Protein chains: 2
Amino acid sequence: MASNTANDRVETFDLIIIGTGSGNSIPSPALSDLKIAIVDDGRWFGGTCLNAGCIPTKMFVRPADLARNVREAGRLGVSTAGVDLDWNAVRDRVFGRIDPISQGGEAYRDSGEPNISLVRETVRFTGTHEITTTSGRVLRASQIVIGGGSRPRELEVLPFGDTVFTSDDAMRLESLPGRIVVIGGGVVAAEFAAIYSGFGAEVTQINRSPLFRDLDRDIRATFTSAGSRNWTIRTGVEVAEATHGDAGWTLTLTDASTLEADAVLVAAGRRPNTDRLDTPAAGFDHHEDGRLQVDEYQRVLLGGQPVGGVYALGDISSPHQLKHVANQDARIVASNLVAERADAPLTANTLGPVPYTVFSAPEIAVFGATLDEAKAAGKDAIEVRQDYGGTAWGWALEDTESFCKLVVERGSGKLLGAHIIGPDAPILLQPLIQAASFGQSVKGLARGQYWPHPAATEIIENALLHAEEEIQK
Amino acid sequence: MASNTANDRVETFDLIIIGTGSGNSIPSPALSDLKIAIVDDGRWFGGTCLNAGCIPTKMFVRPADLARNVREAGRLGVSTAGVDLDWNAVRDRVFGRIDPISQGGEAYRDSGEPNISLVRETVRFTGTHEITTTSGRVLRASQIVIGGGSRPRELEVLPFGDTVFTSDDAMRLESLPGRIVVIGGGVVAAEFAAIYSGFGAEVTQINRSPLFRDLDRDIRATFTSAGSRNWTIRTGVEVAEATHGDAGWTLTLTDASTLEADAVLVAAGRRPNTDRLDTPAAGFDHHEDGRLQVDEYQRVLLGGQPVGGVYALGDISSPHQLKHVANQDARIVASNLVAERADAPLTANTLGPVPYTVFSAPEIAVFGATLDEAKAAGKDAIEVRQDYGGTAWGWALEDTESFCKLVVERGSGKLLGAHIIGPDAPILLQPLIQAASFGQSVKGLARGQYWPHPAATEIIENALLHAEEEIQK
């Protein structure tokens with residue numbers, strides 16, 4: 001344990017938790033006898049998901065969806081003289097609800113529990129079990145949890161500023177710009193492109209590679225074609241040059257074309273906050289992209305070996321930038337903090353598969369391997385596809401593009417992957433997650449339960465029946 | 001085997017199938033060596049679900065929902081100058097799609113397969129293995145499947161006519177009446193009340209008992225209060241007298257109040273078509289409500305014993321008037337027809353639990369016991385409730401009334417019942433159906449799989465966590 005500060009500033013805790021996202025769930029009655037410091041220098045208390053991520057975005061997604069669905073519903077016999085969305089009203093409603101939760105959480109952590117101290121400062125590691133704050137406080141603990149999250153990547157050509165913003169600010173805009181360029185090809189870019197266009201802005205999404213590069217190719221193609229009905233999508237290009245004048249931004253792209261915009265959302269990936277925390281100074285092992293390396297018990301590694309008492313969770317260590325993964329990491333860490341103190345066996349984090357969902361227009365929900373990935377992994381796998389349009393619910397939607405694909409191992413009937421694009425994809429995926437998580441084969445899965453007619457779940461039922469048939473060929 | 005007709009009109013088949021709803025799915029390659037007669041005197045080929053039930057209603061439900069959701073979305077920041085729904089356009093789109101499917105199915109059955117004959121006549125039983133048509137044809141077979149369905153009950157005080165119609169005609173109206181009274185308190189009445197009011201009609205639903213009398217009391221109360229925002233609901237009353245004049249119908253109710261209406265939809269239950277088929281003439285056993293009695297192999301009973309070769313399926317024998325149940329019955333019958341011929345063991349119909357869904361406003365999806373029912377059955381059961389509003393998705397909906405209730409056996413953790421009211425209830429129920437069908441306890445069910453954040457399925461995840469906690473108390 002190293003220290004480079006005067007002893008009189010040293011404060012000793014039993015447990016230090018860095019980050020108030022999923023890490024904030026760790027203090028529990030089981031830890032009430034510990035002296036705990038919770039550290040966060042974030043603009044808001046509670047982490048990205050609550051303040052600038054999953055939760056508020058969905059509160060914008062819903063009205064945007066409603067407006068878009070009605071505008072698109074001519075084919076269903078619905079006509080409207082116009083649907084208006086009041087950006088300012090939605091923003092104020094959303095943050096009128098979110099901000100008090102964040103503030104209440106902060107006040108409680110600050111003064112609600114005698115054993116817990118809140119440290120609202122930037123910190124850096126000055127030892128494996130020691131952090132130093134910008135004001136010079138030195139905090140030490142035998143157990144440290146690093147849940148410091150990630151932040152949006154900045155583009156050299158477009159530094160962040162008033163009209164070049166990240167998802168942190170994307171929902172707090174003072175008014176909705178008329179022309180917005182969204183840079184990025186992942187979930188954040190796709191969700192904001194749908195929100196802004198749903199609210200009536202003219203949106204252009206640009207990305208250097210195809211959108212959702214890592215997803216199944218039919219999902220990618222369908223997303224791009226369906227999304228293009230509501231906003232402009234340009235792939236294979238980057239911003240080469242950006243100039244700002246009276247009329248806003250002029251972006252010159254790598255194909256020499258230009259784009260005019262009032263504002264730019266940069267959602268070109270996120271980087272782990274290990275640099276800000278200076279975790280390399282503690283000697284910890286890092287992945288090439290800057291994430292901390294952890295073992296299956298969420299213990300941080302140093303020289304390939306776990307460091308006693310030091311854990312990480314969420315975006316700062318996980319390959320998945322997903323709140324449900326960070327929460328699961330936090331449960332494992334919470335359990336192992338107690339076990340370690342009692343010299344009891346630790347719990348491994350083996351939960352899977354990990355679902356990935358996109359609340360854009362359309363919605364996407366997937367887990368596991370594509371057919372190509374399964375084959376590359378040496379599996380004898382098949383793929384089946386069930387279109388929404390082949391079910392009664394698809395008829396009700398007059399849907400002609402949504403589908404569910406399953407990738408199944410031939411012998412075992414094991415679900416290796418599921419890939420859904422279309423309305424309600426995130427909830428339609430759950431019976432498949434459940435089957436895969438509990439080791440249920442597709443054999444007998446459809447016929448071993450009722451699927452209420454004519455609900456959208458018949459899409460899943462039929463996909464399973466096709467898969468069962470296909471693996472018997 | 002009795003016969004009361006001249007022998008020259010007798011035609012012998014290997015298999016007679018009465019009804020072209022789920023029964024129409026029975027002919028398969030496994031039966032291609034049989035001489036089969038398919039009998040239906042219905043107005044449409046293909047049964048109720050396709051022509052006048054689940055499928056077309058959902059095609060009306062969807063645009064009605066869209067329009068209602070936008071009208072109600074002021075609290076989400078959505079405003080509209082007005083949303084119009086074109087009844088005639090929707091009707092023509094729906095039946096422009098449904099009718100050709102029905103007609104194509106009929107043409108195929110009529111002439112598409114050399115071993116199958118279609119008989120489009122009313123028939124009555126004149127023996128256990130014999131039916132006689134109105135034109136005097138006598139059809140005999142060693143195997144008979146009775147899938148003759150059910151039909152709406154008529155009210156003495158309001159006989160069916162041009163402006164007093166059943167669900168058969170409810171979607172084919174020439175134009176949408178301005179004021180519609182819907183009589184009934186079950187799924188058909190609730191779905192049409194939501195459709196008509198969504199399309200802009202002034203709807204009054206009346207029922208002699210509470211709506212959804214057999215459902216959980218909180219589900220009933222929430223449905224009634226939420227439904228009342230979109231149409232008028234009056235319970236505890238019946239129509240005592242009905243008169244028709246120039247201004248339409250005047251209905252005098254049992255509480256002496258009156259209602260004016262342009263049209264009345266009578267959806268006060270359905271009766272099995274055993275009377276029309278004169279199944280009592282064959283001596284078969286019947287329930288008090290007129291349904292055929294069957295054993296667990298779907299064999300029709302006579303004097304408490306199964307009649308060899310005679311099966312029933314769907315509404316004519318089932319306590320559940322549900323298409324997914326009729327389809328399951330048909331699969332069991334199809335399998336047992338073959339097994340019986342091969343002298344092989346029959347398959348029992350043990351699939352459960354049976355889900356029941358309502359696509360009204362709001363939606364309902366349930367299976368199994370309420371807490372009261374579980375206790376009355378001697379179970380040591382607990383109940384938990386998770387409101388949509390307690391999850392991130394519920395925040396996005398600004399939902400204050402929807403919920404999921406679970407009834408769980410304390411010792412085993414077995415799911416005895418699930419009761420959901422709110423958006424997407426029919427698809428949210430599926431992971432619970434899956435767990436109950438495959439004997440999964442609630443113990444470890446939530447934490448043994450990922451639930452993508454912040455999807456609506458977090459409502460189910462949280463309900464399961466509460467249940468797990470509650471049974472450990």
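As the structure is a computational prediction, the values presented were derived from the model and not from experiment.

Student: Just give me the short version of the overall build of chain A, but keep the residues and values in it.
Tutor: Counting its regular elements, chain A contains 13 helices and 25 strands. For 473 residues, the compact-globule estimate of 2.2 N^0.38 gives 23 Å, and chain A sits close to it at 24 Å. Once the C-alpha set of chain A is aligned to its principal axes, its extents read approximately 75 × 65 × 40 Å. For chain A, the residues scored as buried account for 58% of the 473 residues in total. For chain A, contacts bridging at least 24 residues in sequence account for 64% of all contacts bridging at least 6. Within chain A, one finds 43 positive and 61 negative side-chain charges whose respective centroids are separated by 2 Å.

Student: Which residues make up the sheet that holds strand 24 (residues 403-409) of chain B, and what are the values?
Tutor: Residue and element names in this part refer to chain B. Read across the sheet, five strands follow the order 21-22-25-24-23 without closing on themselves; strand pairing throughout is antiparallel. Every interior strand has two partners, whereas the edge strands, strand 21 (356-358) and strand 23 (381-387), have only one. Neighbouring strand axes in the sheet, compared pairwise and without regard to direction, differ in orientation by 10° on average. Pairing geometry for strand 24 and strand 25 (residues 415-421), over six bridges, is antiparallel. When the bridges of strand 25 are listed, Cys404 appears paired with Ile420. Together, strand 22 (364-368), strand 23, strand 24 and strand 25 form the strand contacts of helix 6 (residues 217-227), whose direction differs from that of strand 25 by roughly 10°. Along the sheet, helix 12 (residues 430-437) makes contact with strand 22, strand 24 and strand 25, crossing strand 25 at roughly 170°.

Student: Just give me the short version of the interface of chain A and chain B, but keep the residues and values in it.
Tutor: Listed per partner, the contact involves 73 residues of chain A and 73 residues of chain B. On the chain A side of the contact with chain B, Trp395, Tyr450 and His453 of chain A bury the most area, a combined 14% of that side's loss. Summed over the shared surface of chain A and chain B, the number is four salt bridges. The closest approach of N and O atoms between Arg97 of chain A and Glu398 of chain B, which form a salt bridge, is 3.8 Å. Viewed at the interface, chain B and chain A are joined by 23 residue pairs in polar contact (both at pLDDT 80 or more). For the side of chain A that touches chain B, the leading source of residues is helix 2 (residues 54-71) of chain A, giving nine residues. Across the side of chain A that touches chain B, the residue classes tally to 42 nonpolar, 19 polar and twelve charged.

Student: Explain the domain arrangement of chain A to me, using residue names and the numbers behind them.
Tutor: Residue and element names in this part refer to chain A. Under the domain assignment used here, chain A contains domain 1 (7-151 + 271-341), domain 2 (164-268) and domain 3 (363-471). Across the boundary between the two partners, domain 2 contributes twelve residues, which contact 13 residues of domain 3. For the pair domain 2 and domain 3, the summed buried area comes to about 950 Å², and 61% of that belongs to carbon and sulfur atoms. On the domain 2 side of the interface with domain 3, the three residues burying the most area are Asp216, Ile219 and Thr222, jointly 50% of the side's total. Taken together, the connections running from domain 2 to domain 3 amount to four residue pairs in polar contact (both at pLDDT 80 or more).

Student: I'd like a rundown of the side chain of Glu130 of chain B, residues and numbers included.
Tutor: All names here are of chain B. Checked against the element boundaries, Glu130 lands in strand 7 (residues 130-133). For Glu130, a relative accessible area of 0% translates into the label buried. Here Thr126 takes part through its side chain, which lies 2.6 Å from a polar atom of the side chain of Glu130. In terms of polar contacts, Glu130 uses its side chain to reach the side chain of Arg140, at 2.6 Å.

Student: If you had to explain the relation of the copies chain A and chain B to someone new, which residues and values would you point to?
Tutor: Here the second copy of the chain follows from the first by a rotation about an axis and a shift along it. Superposing chain A onto chain B takes a rotation of 180° plus a shift of 0.0 Å along the axis, which leaves an RMSD of 0.0 Å. Look at the turn and shift together and you get a two-fold axis relating the two. The share of interface residues of chain A whose copies in chain B are also at the interface is 100%, consistent with both copies meeting through the same surface.

Student: Can you break down the UniProt feature "domain: FAD/NAD(P)-binding" (unreviewed entry) in chain A residue by residue, with the values?
Tutor: Taking the UniProt record as the reference, the feature "domain: FAD/NAD(P)-binding" (unreviewed entry) is found at residues 13-327 of chain A. With 27% helix and 30% strand, residues 13-327 of chain A has end C-alpha atoms that lie 24 Å from one another.

Student: Describe in detail the pairing of strand 22 (residues 364-368) of chain A, supporting the description with residues and values.
Tutor: Residues and elements named next belong to chain A. Judged by how many residues are buried, strand 22 sits mostly within the fold: four of five residues are covered. Relative to strand 22, strand 21 (residues 356-358) runs antiparallel, the two sharing three bridges. By the bridge assignment for strand 22, Tyr356 is matched with Val366. Hairpin geometry of strand 21 and strand 22 is characterised by an intervening segment of five residues between the two adjacent antiparallel strands. The sheet contact formed by strand 22 and strand 25 (residues 415-421) spans five bridges and is antiparallel.

Student: Before we move on, could you go through the pattern of salt bridges and cite the residues and values that matter?
Tutor: With the rule as written, the count across this model stands at 62 salt bridges over all chains. In this structure, Arg91 of chain A and Asp92 of chain A form a salt bridge, with 3.1 Å as the shortest nitrogen-oxygen distance. The partly exposed category is assigned to Asp92 of chain A, whose relative accessible area is 47%. For Arg385 of chain B, the salt bridge identified is with Asp387 of chain B, shortest N-O distance 2.8 Å. Look at Arg385 of chain B and you get partly exposed, because its relative accessible area is 39%. Judged by its relative accessible area of 34%, Asp387 of chain B falls in the partly exposed class.

Student: Report on the environment of Cys404 of chain B, specifying residues and quantitative values.
Tutor: Residues and elements named next belong to chain B. Checked against the element boundaries, Cys404 lands in strand 24. Taking the C-alpha atoms as reference points, Cys404 and Ile420, 16 residues apart in sequence, are found 4.3 Å from one another. Filtering out sequence-adjacent residues up to four positions away, Cys404 remains in contact with Val384, Arg385, Gln386, His419, Ile420, Leu432, Ile459, Ile460 and Ala463.

Student: Mind laying out unusual backbone geometry, listing which residues take part and the relevant values?
Tutor: For residues other than glycine, phi is negative in most cases, and the peptide bonds are mostly trans. Residue and element names in this part refer to chain B. Here the residue pair Gly352 and Pro353 is connected by a cis peptide bond, since its omega of -5° sits within 30 degrees of zero. Along the polypeptide, Pro353 turns up in the loop between helix 8 (323-341) and strand 21. Residue Pro454 is bonded to the preceding His453 through a cis peptide linkage, with omega at -5°. One can find Pro454 in the loop between helix 12 and helix 13 (458-471). Positioned with a positive phi, Phe212 is a non-glycine residue whose angle comes to about 50°. Secondary-structure assignment places Phe212 in the loop between strand 12 (202-207) and helix 6. The backbone phi angle of Gln298 is positive, close to 70°, even though this residue is not glycine. Within the element layout of this structure, Gln298 appears in the loop between helix 7 (274-277) and strand 19 (299-302).

Student: A description of the packing of helix 2 of chain A against helix 2 (residues 54-71) of chain B should follow, citing residues and the corresponding values.
Tutor: Running from amino to carboxyl end, helix 2 of chain A crosses helix 2 of chain B at an angle of 125°, the nearest separation of the two axes being 10 Å. The angle between the axes of helix 2 of chain A and helix 2 of chain B places the two elements in the oblique class. The crossing of helix 2 of chain A and helix 2 of chain B is left-handed. Contacts between helix 2 of chain A and helix 2 of chain B involve Arg62, Leu66, Asn69 and Val70 of chain A on the former and, on the latter, Arg62, Leu66, Asn69 and Val70 of chain B. Taken together, the residues of the contact of helix 2 of chain A with helix 2 of chain B break down into four nonpolar, two polar and two charged.

Student: I'd like to hear about helix 5 (residues 187-198) of chain B, residue by residue, with values.
Tutor: In this model helix 5 of chain B runs 16 Å from its N-terminal to its C-terminal C-alpha over twelve residues, within 8% of the 16 Å that 1.5 Å per residue would give. Directly after helix 5 of chain B, the chain includes Gly200 of chain B, whose backbone phi takes a positive value near 110°.

Student: Summarise the sheet that holds strand 21 of chain A; cite the residues concerned and give the values.
Tutor: Sheets are built from strands that pair by backbone hydrogen bonding, the pairs being arranged parallel or antiparallel. All names here are of chain A. Reading across from one edge, 21-22-25-24-23 is the order of the five strands in this open sheet, with antiparallel pairing throughout. Both outer strands of the open sheet, strand 21 and strand 23 (381-387), are each paired with one neighbouring strand and no more. Strand-to-strand twist in this sheet, taken as the mean axis angle between neighbours without regard to direction, amounts to 10°. Of the strands in this sheet, strand 22, strand 24 (403-409) and strand 25 touch helix 12 (residues 430-437), which is tilted by about 170° from strand 25.

Conventions we followed
Residues numbered from 1 in each chain as written. Chains lettered and ligands numbered in written order. Predicted model: local features only at pLDDT ≥ 70, side-chain atom pairs only at ≥ 80, totals over all residues. Heavy atoms only, no water. Helix = DSSP H or I, 4+ residues; strand = E, 2+ residues; numbered from the N terminus. Rg over C-alpha atoms; globule rule 2.2 N^0.38 Å. Buried < 20%, exposed > 50% of the residue type's maximum accessible area, 1.4 Å probe, protein only. Contact = heavy atoms within 4.5 Å. Lys, Arg positive; Asp, Glu negative; His and termini not counted. Charge placed at Lys NZ, Arg CZ, Asp CG, Glu CD. Pairing = 2+ DSSP bridges. Axes fitted to C-alpha atoms, helices over the stretch in contact; angles between N-to-C directions. Buried area = accessible area lost by both parts, 1.4 Å probe. Salt bridge = Lys/Arg side-chain N within 4 Å of Asp/Glu carboxyl O. Polar contact = N/O pair within 3.5 Å; in protein donor to acceptor, adjacent residues only side chain to side chain. Nonpolar A, V, L, I, M, F, W, Y, C, P; charged D, E, K, R; others polar. Domains from an automatic or database assignment. Least-squares fit on C-alpha atoms with pLDDT ≥ 70 in both. UniProt positions renumbered as here; feature names shortened; annotations may be inferred. Parallel < 35°, antiparallel > 145°, perpendicular 65-115°, else oblique. Left-handed = near helix turned anticlockwise from the far one by under 90°. Expected span 1.5 Å × (residues − 1).

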